[in-house]
Amino acid sequence: MTAPPFTSHAVAFPDGFTWGSATAAHQVEGGNWNNDWWEWEHRPGTRCVEPSGDACDHFHRYPQDIATLASFGFDNYRFSVEWSRVEPEDGEFSISALDHYRRMVETCRENGVVPVVTLHHFTTPRWVTESGGWINGSTADLFGRYSERVARHLGDGVGRWCTINEPNMVSTIGYLLGEFPPGRTDRFLRAKCNEVFVSAHRKARDAVKSVSSAPLGITLAMQEFLLDAPDSERHQAEAKRDSAWAGLEDPFFEVARGDDFFGVQTYTRQYFSATGRVKPAPDTRVTMMGYEFSPEALEGCIRRAWERTDHVPILVTENGIATTDDSERIEYVHGALEGVLRCLKDGIDVRGYTYWSLLDNFEWVFGYRPTFGLIGVDRSTQQRVPKPSARWLGQVAQANALLPIQ
Ligand code: BGC
């Protein structure tokens with residue numbers, strides 16, 4: 001495998017800047033039948049193209065995957081704990097599942113990798129959804145109880161905690177657009193869901209902090225929103241954009257002000273006119289997800305998060321591209337990192353960059369077709385094939401500098 005050659009004009013990141021890659025339990029582990037997503041994948045009439053099944057069998061193959069991540073030169077691995085394994089029924093905790101995640105933490109450490117543990121990444125145990133899920137206020141208490149149990153069991157080895165991954169995607173896609181479980185389409189429910197998530201984050205933060213001194217934050221799905229309107233319609237376009245932000249992002253900035261970091265997750269940008277979102281022009285360069293190819297979106301989102309959280313340190317906890325052309329992945333990440341450097345130059349405290357995703361994996365309703373991974377996975381054999389971009393980004397991480405692509 002060959003990585004692209006570099007010139008000597010590397011631009012350095014600050015000392016201590018962290019480099020990693022991420023996965024989520026349901027997208028890679030396999031066999032997570034006890035959560036709402038498994039049920040959704042098998043329910044007739046949803047937009048899911050295929051079930052998650054064995055996924056990448058990361059539940060059993062994590063030692064190999066973590067060793068490979070370390071061999072690239074990354075210093076951290078972000079993965080999630082599957083609540084439905086740890087607490088398969090109300091109040092029944094599985095020591096065997098907790099031990100499994102503790103072994104993952106230990107395996108990271110043995111490989112010189114800092115484990116970054118996410119407590120909730122889209123999936124919720126069936127027994128929780130059956131009692132109202134994320135629109136039932138008491139779910140926040142249940143999440144706090146589970147978080148405390150995980151933090152106590154995983155111990156000091158955890159390097160950073162992410163409480164909830166993109167709560168705004170669960171609330172928007174699951175409760176407003178109806179395309180994620182529970183398939184509701186009601187903006188009041190979305191608002192209620194956001195409220196419960198804010199409270200769940202607070203409870204998890206208190207619970208984790210009572211037993212762990214590791215830094216903690218929440219992560220948010222962000223898109224750069226730009227205006228596409230003549231001056232005469234600018235105010236209307238701004239109003240449309242602000243109303244989109246109000247539902248999607250704004251509910252989560254204030255609660256993050258008490259956190260150690262804020263997780264920015266960005267894939268693309270969108271434009272607003274006086275009448276709302278503007279569809280990309282037919283000749284727009286798009287990714288396999290149909291998103292506009294816009295690595296520069298990350299910079300705009302970091303700036304907004306920094307401002308809106310009143311300067312909570314930023315960690316890029318997800319950024320990446322689904323493509324079959326791996327050189328496009330390098331181009332994308334290179335462009336995104338140029339934006340990170342501009343933010344750093346302006347004094348924004350960005351602490352690290354995490355590529356989504358380590359493996360080609362289960363992309364929710366889209367199934368296994370979109371390939372975000374630094375490592376390809378042949379699901380008929382579970383064979384892993386690292387891509388050149390993995391070596392390239394690993395070299396960037398090792399140099400702690402943005403090595404130019406030629
Ligand atoms: C989610 C991931 C997902 C990725 C790419 C993020 O919204 O956290 O689970 O795979 O985006 O779509």
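Residues numbered from 1 in each chain as written. Predicted model: local features only at pLDDT ≥ 70, side-chain atom pairs only at ≥ 80, totals over all residues. Heavy atoms only, no water.

## Description of the nonpolar core
Counting residues in each nonpolar core, the largest one holds 114 residues, and the members touching the most others are Trp 161 and Phe 262. The biggest single contributor to this core is helix H12 (residues 326-345), with 9 residues. Every residue in contact with Phe 262, bar those within four places of it in the chain, is listed here: Ile 218, Leu 220, Met 222, Phe 252, Phe 253, Ala 256, Ala 305, Thr 309, Val 312, Pro 313, Ile 314 and Leu 315. Residues Tyr 267, Met 289, Trp 356 and Phe 372 belong to the second largest nonpolar core, which totals 7 residues. (Core = buried A, V, L, I, M, F, W, Y, C linked by side-chain atoms within 4.5 Å. Buried < 20%, exposed > 50% of the residue type's maximum accessible area, 1.4 Å probe, protein only. Helix = DSSP H or I, 4+ residues; strand = E, 2+ residues; numbered from the N terminus. Contact = heavy atoms within 4.5 Å.)

## Quick look at the site of the ligand
Taken together, 13 residues form the shell around the ligand, and within it Gln 27, His 121, Glu 166, Glu 318 and Glu 363 come nearest. Here an oxygen atom of the ligand sits 2.4 Å away from a polar atom, N or O, in the side chain of Glu 166. For the ligand, whose unbound accessible area comes to 310 Å², protein coverage reaches 94%. (Near = heavy atom within 4 Å. Polar contact = N/O pair within 3.5 Å; in protein donor to acceptor, adjacent residues only side chain to side chain. Areas by Shrake-Rupley, 256 points an atom, 1.4 Å probe, with all protein chains shown as cover.)

## So, unusual backbone geometry
Between Pro 181 and Pro 182 the backbone carries a cis peptide bond, its omega angle lying at 10°. In this fold, Pro 182 is placed in the loop between helix H8 (167-175) and helix H9 (187-209). Geometrically, the link from Trp 356 to Ser 357 is a cis peptide bond, its omega value of 15° lying close to zero. For Ser 357, the position within the fold is in the loop between strand E10 (350-356) and strand E11 (375-378). Positive phi is not limited to glycine here, since Ala 55 has a value of about 45°. Along the chain, Ala 55 turns up in the loop between helix H2 (36-41) and helix H3 (58-72). You will see that Glu 166, though not glycine, has its phi angle at about 40°, which is positive. Along the chain, the position of Glu 166 falls in the loop between strand E5 (160-164) and H8.

## Side note on the packing of helix H7 (residues 138-154) against H9
Following both chains from N to C, one finds H7 and H9 inclined at 30°, their axes separated by 8 Å at the closest point. The orientation of H7 with respect to H9, classified from their angle, is roughly parallel. Judged by the twist between their axes, the crossing of H7 over H9 is right-handed. Here Thr 139, Ala 140, Asp 141, Phe 143, Gly 144, Ser 147, Glu 148 and Ala 151 of H7 come into contact with H9, specifically with Val 196, Ser 199, Ala 200, Lys 203, Ala 204, Ala 207 and Val 208. Counted by class, the contact of H7 with H9 contains 8 nonpolar, 4 polar and 3 charged residues. (Axes fitted to C-alpha atoms, helices over the stretch in contact; angles between N-to-C directions. Parallel < 35°, antiparallel > 145°, perpendicular 65-115°, else oblique. Left-handed = near helix turned anticlockwise from the far one by under 90°. Nonpolar A, V, L, I, M, F, W, Y, C, P; charged D, E, K, R; others polar.)

## Digging into H7
Here H7 spans 25 Å end to end across 17 residues, near enough to the 24 Å set by a 1.5 Å rise per residue. Within H7, burial applies to Thr 139, Ala 140, Leu 142, Phe 143, Gly 144, Tyr 146, Ser 147, Val 150, Ala 151, His 153 and Leu 154. Residue Gly 155 follows H7 closely and has a positive phi angle near 70°. (Expected span 1.5 Å × (residues − 1).)

## Details of the pairing of strand E12 (residues 383-386)
Along a regular strand, successive side chains alternate from one face of the sheet to the other. Two elements, E11 and E12, share 4 bridges in a ladder whose sense is antiparallel. Along E12, the bridge assignment pairs Asp 378 with Gln 383. Between E11 and E12, which pair antiparallel one after the other, the connecting turn spans 4 residues, and Gln 382 there sits at a positive phi close to 65°. (Pairing = 2+ DSSP bridges.)

## What about empty space enclosed by the protein?
Rolled over the atoms, a probe with the dimensions of a water molecule shows which regions are left empty. Going through the model one piece at a time under the given rule, you end up with 2 cavities of 30 Å³ or more. Counted as a void, the largest cavity has a volume near 40 Å³. If you trace the largest cavity, you find it lined by Thr 18, Asn 76, Arg 78, Val 116, Arg 160, Leu 315, Thr 317 and Thr 354. Within the residue set of the lining of the largest cavity, elements represented by two or more residues are strand E3 (76-80) and strand E9 (314-319). A per-class count over the lining of the largest cavity returns 2 nonpolar, 4 polar and 2 charged. The calculated volume of the second largest cavity comes to roughly 30 Å³. Contributing to the lining of the second largest cavity are Thr 23, Ala 24, Ala 25, Val 28, Glu 29, His 58, Phe 79, Ser 80 and Met 104. Listing elements by their share of the lining of the second largest cavity, those giving two or more residues are helix H1 (25-28) and E3. A per-class count over the lining of the second largest cavity returns 5 nonpolar, 3 polar and 1 charged. (1 Å grid on protein atoms, 1.4 Å probe; cavity = no way out; pocket = protein on both sides within 12 Å on 5 of 7 lines; lining within 4 Å. Points joined across faces, edges and corners; volume = space filled by probe spheres on them.)

## Description of the environment of Gln 383
Mapped onto the elements, Gln 383 comes out in strand E12. Owing to a relative accessible area of 48%, Gln 383 belongs among the partly exposed residues under this scheme. In sequence terms Gln 383 and Asp 186 are 197 residues apart; their C-alpha atoms lie 42 Å from each other. In contact with Gln 383, not counting residues within four places along its chain, are Gly 376, Val 377 and Asp 378.

## Section: the layout of surface pockets
Quantified by volume, the second largest pocket comes out at close to 230 Å³. Lining the second largest pocket are 17 residues; nearest its centre among them are Asp 36, Thr 129, Glu 130, Pro 181 and Pro 182. Secondary-structure elements contributing two or more residues to the lining of the second largest pocket are H2, helix H6 (126-130) and H8.

## Considerations on the pairing of E5
Within E5, 5 of the 5 residues are buried, which leaves it mostly tucked inside the rest of the structure. Both strand E4 (residues 114-120) and E5 contribute to a ladder of 4 bridges, which runs parallel. Along E5, the bridge assignment pairs Thr 118 with Cys 162. Bridge count for E5 against strand E6 (residues 216-227) is 2 bridges, and the pairing is parallel. Residue pairing for E6: Trp 161 is matched across the bridge by Leu 216.

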